[in-house]
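Now for the letters of each chain:
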Amino acid sequence: MKKLLSVLLVSIMALSLLAGCGAKEDKGSVYYLNFKPEQDKQWKELAEIYTEKTGVEVIVETAASGQYETTLKAAMAKSDAPTLFQVNGPVGLEAWKDYCYDLKGSDIAGQLSSEDFALMDGDKMAGIAYVIETYGIIYNKELLQKAGYKAEDIKSFADLKKVAEDITKRKAELGFAAFTSAGMDSSSDWRFKTHLANLPIYYEYKADGIGATDAIKGTYLNEYRQIWDLYINNATCEPTALATKTGNDAVAEFTGKQAVFYQNGTWAYGDVADLGDENIGMLPIYIGVEGEENQGLCTGTENYWCVNGKADEKDIKATLDFINWCVTDEVAVKAMCGTEKAMPSGEAGMGFVIPFKACLESTNPLVNQASEYVANGATSVSWNFPTMPSEDWKNGVGSALTLYAAEQTDAKWEDVVKAFVDGWKTEAAK
Amino acid sequence: MEKAIKKSWPFFVLPTLGAFIIGFIVPFAMGIWLSFCEFTTVTDAKFVGFSNYVKVFKDTVFLHSFWYTALFAVVSLIVINVIAFLLAMALTRKMRGTNVFRTIFFMPNLIGGIVLGYIWQLIFDGILQQYNTALKLNEWFGFWGLVILVAWQQIGYMMIIYIAGLQAIPDSVMEASQIDGANSVQKLFRVTIPMMMPSITICMFLSITNGFKLFDQNLSLTAGQPMKMSEMMALNIYNTFYGSVGYEGVGQAKAVIFFLVVIGIGLWQLKATRSKEVQQ
């Protein structure tokens, strides 16, 4: 602990030295602690452009993957704290709500395409979503065709099961498996303990007409088991090997044409783009709930911008101006929405779908697939995982899923249910 | 000379004292204060009294991790010190190439814990895969994995201390015992080990406190899997601090308790082995 503390202290000192270098002007300054390492370069470029234009200094700092909370906690304790940071939803907000500036009536709030994309804390508008993302089962059209099926054949869990099990049966002959490995290494387990777990939670919330809860009932956990069984028993590898498989393994299997299906989201486009835009599509994750023919992809956000209300008045003003510029200015919007060569420097843009009026049409085929589903009358599944009670809860479920994959017995599934239902209660009570 | 020291001692003392205060005293005092607070950032804390400590003692996982850690500390202590001592004995014989061996055995100590954890994870999982299982499926795989890893890493270091101790035993004492007719077992237990007690004290202190404080290797090798069952105390504290909203203070309280436990055990061990040290 001593060691940890001193490391923390030293890093705080080092950081404040860095932050202290910037000359303070009357215009205030912006200090953005960015969550997404993938977009670090783009934000830094945007910041430079903004500074050139307005003379307001913008510092962009990016936390290492998986280290955002840790970094934020340390950074917020400094005298020069970030003026712009992000929370992941209601549970994340709980920790930071005292720091959130009320964005109601601000310029950027007026730019939102729907009020639903604001994160409310009672009457206060604590955060504003800046990117909408979608996930589902990404599939390889070419391989699916080779197996004798089309995406249109898959309209429910039963269809998906039929296709997957048929492919498994003919695995040797076809030369590929149905699913990529559902790796439970920490680089990949979030796809199942968080994203896949969203579906039973979504249906339960929907059935009960609620948006959050302190005690989940686990009404749809049998369906969760069904889809998990399907994933692990029709994959490229034995279920017992999943404990050590990584995210990169799954990507390699998918791009190496060893499997047809790969559960992930629009953000993974860069990883799978090599297969060719015409070859990739995305299916909804059907889990076998009644009436799921109308289910669309899972669309939502866990990225909300918050402005530090404890910062200097001038800095708050500068920050509000900066984020408003990001979502209204032509260059900035292009940088946020565009993909290839969208940055003024010729680099690729961030490829976001942003929930603001100025949003541009995306060139990411996975994103467009999501809109297609909506246009065809499907109902998108909302993202309910930001209401999961804590990181500890997710880890508990992930761990139980791993153990179950290695030994598929009812007793082991009971442990998953326990982690899911009882764990939720204990974590929510904390 | 003495006058100069009298006059300018602040010049020599103050920088170190300042560093000590900034780097140790202040964070330490702050840490204790924070264990009585609820906070999100360390500069913005609200006093809540003993409620954090109450929560700690209700936490069954913490209790489990305490016994798991204690067992680990004892097992690793024995494994590391026995092997290190034997290696030191072997490498103080007049053999060719002892220096090369000393260097090789010491080298693992130069690699960082996180890296080691990941490398050994690959090795262990590679082996366990043959038996259709994996490191994070069983807490005792994790336990013995950690013992092997830590032994591999620390034996070289302890060995160097033991070698220094062995070389410091005067030849005259050994010779005298030989003349008195002691056999090699008697020489080891009646002469060598008693003469080595200062080194043994140090090595045992280092390995038992290292065992309790183990963090990096635990984080990268098992990350507490499965179900936090292989989570040792330091990692448990870290996960409490960052794992649930509003539990920063509880993590801090655990850290204070942890500090007391480690210092208590360390001092007791020092006293116990010190009393066996002999005057040369």
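Residues numbered from 1 in each chain as written. Chains lettered and ligands numbered in written order. Predicted model: local features only at pLDDT ≥ 70, side-chain atom pairs only at ≥ 80, totals over all residues. Heavy atoms only, no water.

Draft legend 1. Fine view of the overall build of chain B. When helices and strands are tallied, chain B shows eleven helices and two strands. For chain B, the sequential pattern of α-helices and β-strands runs α-β-β-α-α-α-α-α-α-α-α-α-α. Across its three principal axes, chain B shows a C-alpha extent of roughly 70 × 70 × 30 Å. Put simply, chain B has 280 residues, and 44% of those count as buried. Taking the intrachain contacts of chain B between residues at least 6 apart in sequence as the baseline, contacts between residues at least 24 apart amount to 71%. By element, 70% of the accessible surface of chain B is carried by carbon and sulfur atoms, the whole surface being about 15200 Å². For chain B, the distance from the average site of its 19 positive side-chain charges to the average site of its 13 negative ones is 6 Å. (Helix = DSSP H or I, 4+ residues; strand = E, 2+ residues; numbered from the N terminus. Buried < 20%, exposed > 50% of the residue type's maximum accessible area, 1.4 Å probe, protein only. Contact = heavy atoms within 4.5 Å. Areas by Shrake-Rupley, 256 points an atom, 1.4 Å probe, with all protein chains shown as cover. Lys, Arg positive; Asp, Glu negative; His and termini not counted. Charge placed at Lys NZ, Arg CZ, Asp CG, Glu CD.)

Draft legend 2. Layout of the overall build of chain A. Scanning chain A from terminus to terminus reveals 18 helices and twelve strands. Expected size for 430 residues packed as a compact globule is a radius of gyration near 22 Å; at 22 Å, chain A falls within 12% of this value. Its C-alpha atoms give chain A principal-axis dimensions of about 70 × 45 × 40 Å. Relative to its 430 residues, chain A shows a buried fraction of 56%. (Rg over C-alpha atoms; globule rule 2.2 N^0.38 Å.)

Draft legend 3. Representation of the packing of aromatic side chains within the structure. In the structure shown here, the tally under the stated rule is 53 aromatic pairs over all chains. Both rings, one in Phe28(B) and one in Phe259(B), keep their centres 4.9 Å apart while their planes meet at 70°; by these two values the pair is edge-to-face. Taken together, the residues span a long stretch of sequence, with Phe28(B) in helix α1 (residues 2-34) and Phe259(B) in helix α11 (residues 248-274) at a distance of 231 residues. Given a relative accessible area of 26%, Phe28(B) falls into the partly exposed group. Both rings, one in Tyr68(B) and one in Phe143(B), keep their centres 5.4 Å apart while their planes meet at 80°; by these two values the pair is edge-to-face. Here Tyr68(B) is found in helix α3 (residues 60-91), whereas its partner Phe143(B) is found in helix α6 (residues 139-168), with 75 residues between them in sequence. On the basis of relative accessible area, Phe143(B) is assigned to the buried category, the value being 2%. Positioned above the aromatic ring of Tyr99(A), the side-chain terminus of Lys310(A) is 4.4 Å from the ring centre. (Phe/Tyr/Trp six-rings, centres within 6.5 Å; stacked < 30°, edge-to-face > 60°. Lys NZ or Arg CZ within 6 Å of the ring centre and 35° of its normal.)

Draft legend 4. Structural view of the interface of chain B and chain A. Contact with chain B, which involves 31 residues of that partner, is made by 35 residues of chain A. Carbon and sulfur atoms make up 64% of the area that chain B and chain A hide from each other, which totals about 3000 Å². Inspection of the chain B/chain A interface yields three salt bridges. A salt bridge links Lys310(A) to Asp44(B); the shortest N-O distance between them is 2.8 Å. Here chain B is connected to chain A by 14 residue pairs in polar contact (both at pLDDT 80 or more). (Buried area = accessible area lost by both parts, 1.4 Å probe. Salt bridge = Lys/Arg side-chain N within 4 Å of Asp/Glu carboxyl O. Polar contact = N/O pair within 3.5 Å; in protein donor to acceptor, adjacent residues only side chain to side chain.)

Draft legend 5. Region of the structure containing helix α15 (residues 330-337) of chain A. All names here are of chain A. Considered for burial, the residues of α15 that qualify are Ala-332, Val-333, Ala-335, Met-336 and Cys-337. The elements touched by buried residues of α15 are α2 (40-54), β11 (304-307) and α14 (313-328). Its side-chain oxygen placed 2.9 Å from the backbone nitrogen of Val-331, Asp-329 serves as the N-cap of α15.

Draft legend 6. Geometry of the packing of helix α2 (residues 51-58) of chain B against α11(B). Residues and elements named next belong to chain B. One can describe the packing of α2 onto α11 by two numbers: an axis separation of 8 Å at closest approach and a directional angle of 75°. As judged from the angle between their axes, α2 and α11 are roughly perpendicular. Contact residues: Asn-52, Tyr-53, Lys-55, Val-56 and Phe-57 in α2; Gly-249, Val-250, Ala-253, Lys-254, Val-256 and Ile-257 in α11. By residue class, the composition of the contact of α2 with α11 is seven nonpolar, two polar and two charged. (Axes fitted to C-alpha atoms, helices over the stretch in contact; angles between N-to-C directions. Parallel < 35°, antiparallel > 145°, perpendicular 65-115°, else oblique. Nonpolar A, V, L, I, M, F, W, Y, C, P; charged D, E, K, R; others polar.)

Draft legend 7. Main features of the domain arrangement of chain B. All names here are of chain B. Along its sequence, chain B is carved into domain 1 (2-34) and domain 2 (51-274). Inter-centroid distance (C-alpha atoms) of domain 1 to domain 2 is 31 Å. The interface is formed by four residues belonging to domain 1 together with five residues belonging to domain 2. For the domain 1 and domain 2 pair, buried surface summed over both sides reaches about 310 Å², with 69% attributable to carbon and sulfur atoms. Seen at the junction of domain 1 and domain 2, the total is zero salt bridges. Our count for the domain 1 to domain 2 interface comes out at one residue pair in polar contact (both at pLDDT 80 or more). Looking at the side of domain 1 that touches domain 2 residue by residue, the class counts come to three nonpolar, one polar and no charged. (Domains from an automatic or database assignment.)

Draft legend 8. Region of interest: the side chain of Glu253(A). Residue and element names in this part refer to chain A. Residue position: Glu-253 is located in helix α12 (residues 247-255). Reaching out from Glu-253, the side chain makes a polar contact with the side chain of Thr-236 at a distance of 2.8 Å. With sequence-adjacent residues up to four places away left out, Glu-253 is seen in contact with Thr-180, Ser-181, Thr-236, Gln-258 and Ala-259.

Draft legend 9. Highlighting the pattern of salt bridges. Residue and element names in this part refer to chain A. Summed over the entire model, instances satisfying the criterion amount to 23 salt bridges over all chains. For Arg-170, the salt bridge is made with Glu-173, and the minimal N-O distance between the two is 3.9 Å. Among the residues examined, Glu-173 registers a relative accessible area of 61% and is labelled exposed. With a shortest N-O distance of 3.0 Å, Asp-321 and Lys-317 are connected by a salt bridge. Highlighted residues: Asp-321 and Lys-317, both in helix α14, separated by four residues, approximately one helical turn.

Draft legend 10. Structural view of the domain arrangement of chain A. Residues and elements named next belong to chain A. As assigned here, chain A comprises domain 1 (26-132 + 301-357) and domain 2 (135-297 + 381-429). Contact with domain 1, which involves six residues of that partner, is made by six residues of domain 2. Area buried by domain 1 at its contact with domain 2 is led by Val-91, Thr-301 and Glu-302, which between them contribute 63% of it. Our count for the domain 1 to domain 2 interface comes out at zero salt bridges. Applying the counting rule to domain 1 against domain 2 returns zero residue pairs in polar contact (both at pLDDT 80 or more). Residues belonging to the side of domain 1 that touches domain 2 are distributed by class as follows: two nonpolar, three polar and one charged.

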